[in-house]
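# A structural walkthrough
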Amino acid sequence: MPNKSKTVLRDTSKTARPRAAVETAAPRRSAAVERKTRETSVSVDLALDGSGRGEARTGVPFLDHMLESFARHGFFDLTIKAAGDLHIDDHHTVEDVGIVLGRAFREALGDRSGIQRFGEASVPLDEAVCTAIVDISGRSYLGYNVQISQERVGNFQTELVHDFMKAMTDEVGMNLHLNLISGRNPHHIIEATFKALARAMDHATQLEPRLKGVLSTKGTLT
Ligand SMILES: [Mn+2]
């Protein structure tokens, strides 16, 4: 006898757990940060426990592409708006977006109790492979080993990635090592770098259920 069983879609909406029970399980880890200078005006809305919904409007389209990829692969909900002095060049805007995004992470993490703290990820994009290793330790350090031989990708200066990462690292208060393992195309290299950062930070910012307080024998991560 052939198996005649068939799939029946059942309406489970009435038996499902009430949403409120899930949503009140943990406090919302999020931040909204604004910063205005004579050079730029930047706002960032960040939720650590998001779904990867990213919207970036910085006036620097390549940076928008990278930030939306960062949100997607880190499962962060992220809205970034910036208006900067792009008539000079992209530098102030890219660096200041890094500052405000870093500040948003710092604020959303609070006293950093309960977080995994460490994260590591390697991400390939065709011929490019980049590794990100992060420790959200409260001590700032950037190890940047992402050599890009091309000066630009489209209009975007590839050197600005270093400035963005330095600004963000300093503001979060974290140790970040970015190591390019291989790569030729600058778009691939930078995108693999942002995706690796996203995955490493997703892991490092997640809550460790066995942990009470902060993951430090010193007793503080701020
Ligand atoms: Mn791309």
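Throughout, residues of each chain are indexed from 1 in the direction in which the sequence is written. Where local features are concerned, this predicted model is filtered to residues with pLDDT of at least 70; where side-chain atom pairs are given and counted, the filter is 80 or more; whole-chain, interface and lining totals use all residues. Where side-chain values are given, they derive from all heavy atoms of the structure, hydrogens and water being excluded.

### Some points on the pattern of salt bridges
- Take a side-chain nitrogen of Lys or Arg and a carboxyl oxygen of Asp or Glu: if they are within 4 Å of each other, that pair is a salt bridge. One pass over the full model with this rule turns up nine salt bridges.
- Among the salt bridges present, the one from K166 reaches D170, with a minimum N-O distance of 2.7 Å. Separated by four residues within a single helix, K166 and D170 lie in helix 4 (residues 160-172), roughly one turn from each other.
- For E208, the salt bridge goes to R210, with nearest N and O atoms at 2.8 Å.
- Exposure categories follow from relative accessible area, calculated using a 1.4 Å probe and restricted to protein chains: below 20% of the type maximum is buried, above 50% is exposed, and the middle band is partly exposed. Take R210: its relative accessible area is 73%, and that puts it in the exposed class. The numbering of helices and of strands both runs from the N terminus, where a helix is a DSSP run of H or I of at least 4 residues and a strand a run of E of at least 2.

### Re the coordination of the manganese ion
- Only nitrogen, oxygen and sulfur atoms qualify as donors, provided they sit within 2.8 Å of the metal or within 3.2 Å for Na, K and Ca; with water excluded from the atoms, sites may seem incomplete. At 2.0 to 2.3 Å from the manganese ion lie its protein donor atoms, namely H65 (NE2), H187 (NE2) and E191 (OE).
- Each donor residue of the manganese ion lies on one chain, and together they are spaced H-x121-H-x3-E. On the criterion of helical spacing, the pair formed by H187 and E191 is a turn pair, its members being four residues apart in helix 5 (residues 186-205).
- Note on H187: relative accessible area 28%, which makes it partly exposed.
- Owing to a relative accessible area of 11%, E191 belongs among the buried residues under this scheme.

### Considerations on the sheet that holds strand 1 (residues 30-36)
- Strands are labelled as partners when DSSP assigns at least two bridges between them. Across the sheet, four strands lie side by side as 1-2-4-3; this open sheet has mixed pairing. Each edge of the open sheet carries a strand with a single partner, namely strand 1 and strand 3 (54-57). On average, each strand axis in the sheet is inclined to that of its neighbour by 0 degrees, with strand direction left out of account.
- Across seven bridges, the pairing between strand 1 and strand 2 (residues 40-47) is antiparallel. For K36, the partnering residue across the bridge sits in strand 2 and is S41.
- Only heavy atoms matter for contacts: two residues are in contact if any of them lie within 4.5 Å across the pair. For helices, the fitted axis covers only the stretch in contact; all axes are lines through C-alpha atoms, and the angles between them, taken along N-to-C directions, range from 0 to 180 degrees. Running over the sheet, helix 2 (residues 61-74) touches strand 3 and strand 4 (77-84) and is turned about 160 degrees from strand 3.
- Against the sheet, helix 3 (residues 91-109) makes contact with strand 1, strand 2 and strand 4, and its axis sits at roughly 145 degrees relative to strand 1, the strand it touches most.

### Some details on the packing of helix 2 against helix 5
- For the pair helix 2 and helix 5, interaxial distance at closest approach is 8 Å and the crossing angle is 35 degrees. As helix 2 packs across helix 5, the resulting crossing turns out to be right-handed. Each of F62, H65, M66, S69, F70, H73 and G74 in helix 2 lies in contact with helix 5, whose residues at this interface are H187, I190, E191, F194, K195, L197, A198, R199, M201 and D202.
- As a working rule, the residues Ala, Val, Leu, Ile, Met, Phe, Trp, Tyr, Cys and Pro are called nonpolar, Asp, Glu, Lys and Arg charged, and the rest polar, with Gly in that last group. Tallied by class, residues from the contact of helix 2 with helix 5 come to eight nonpolar, five polar and four charged. In this scheme the crossing of two helices becomes right-handed for a clockwise turn of the near helix relative to the far one and left-handed for an anticlockwise turn of less than a right angle.

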